[in-house]
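Structure at a glance
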Amino acid sequence: MGYDPVSERYVLHLMDQFGGRFSETLGYGVREGNTIRFVFEYPDGPFHTTYRSDPEKSTWEWLMEQKDKNGKWASFADLKLSR
């Protein structure tokens, strides 16, 4: 994850077990408060990855969603991170 000051947005490169083809796609997002939502335009459809922090509780949420074949958004993973 990094910030691109030229485009004024964050860039995210996910590396996972799904192979090189999916790692080619970058996600782009903007920060709104304590949340950054990244949009990935994969060959098989859009995917969202959202990072949300709660500084008062020292926690993070990492929510991943994908659009199914019927056009509905479904949760892929929802992780809660804490100290």
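Residues numbered from 1 in each chain as written. Predicted model: local features only at pLDDT ≥ 70, side-chain atom pairs only at ≥ 80, totals over all residues. Heavy atoms only, no water.

Another point: a nonpolar patch on the surface. A cluster of nonpolar residues, Trp 60, Leu 79 and Leu 81, forms a patch on the protein surface that exposes about 280 Å² of accessible area. Locating Leu 79 in the fold gives a position in strand β7 (residues 73-82). (Patch = residues over 30% accessible without salt bridge, like charges linked within 9 Å, V, L, I, M, F, W, Y side chains within 5 Å. Areas by Shrake-Rupley, 256 points an atom, 1.4 Å probe, with all protein chains shown as cover. Salt bridge = Lys/Arg side-chain N within 4 Å of Asp/Glu carboxyl O. Helix = DSSP H or I, 4+ residues; strand = E, 2+ residues; numbered from the N terminus.)

Sheet architecture is open: seven strands sit in the order β1-β2-β3-β4-β5-β6-β7, paired in antiparallel fashion. Here the strands that pair on one side only, and so sit at the sheet edges, are β1 (2-4) and β7. Between one strand and the next, the sheet's axes are offset by a mean angle of 25°, whatever the strand orientation. (Pairing = 2+ DSSP bridges. Axes fitted to C-alpha atoms, helices over the stretch in contact; angles between N-to-C directions.)

Inspection of the sheet shows strand β2 (residues 9-12) paired to strand β3 (residues 27-32) by three bridges, in the antiparallel sense. Pairing of Tyr 10 across the sheet is with Gly 29, part of β3. For β3 and strand β4 (residues 35-42), the ladder comprises five bridges, and the chain directions are antiparallel. Within β4, the position partnered with Gly 29 by the bridge is Phe 38. Between β3 and β4, which follow one another and run antiparallel, lie two residues, and Gly 33 among them has a positive phi close to 65°.

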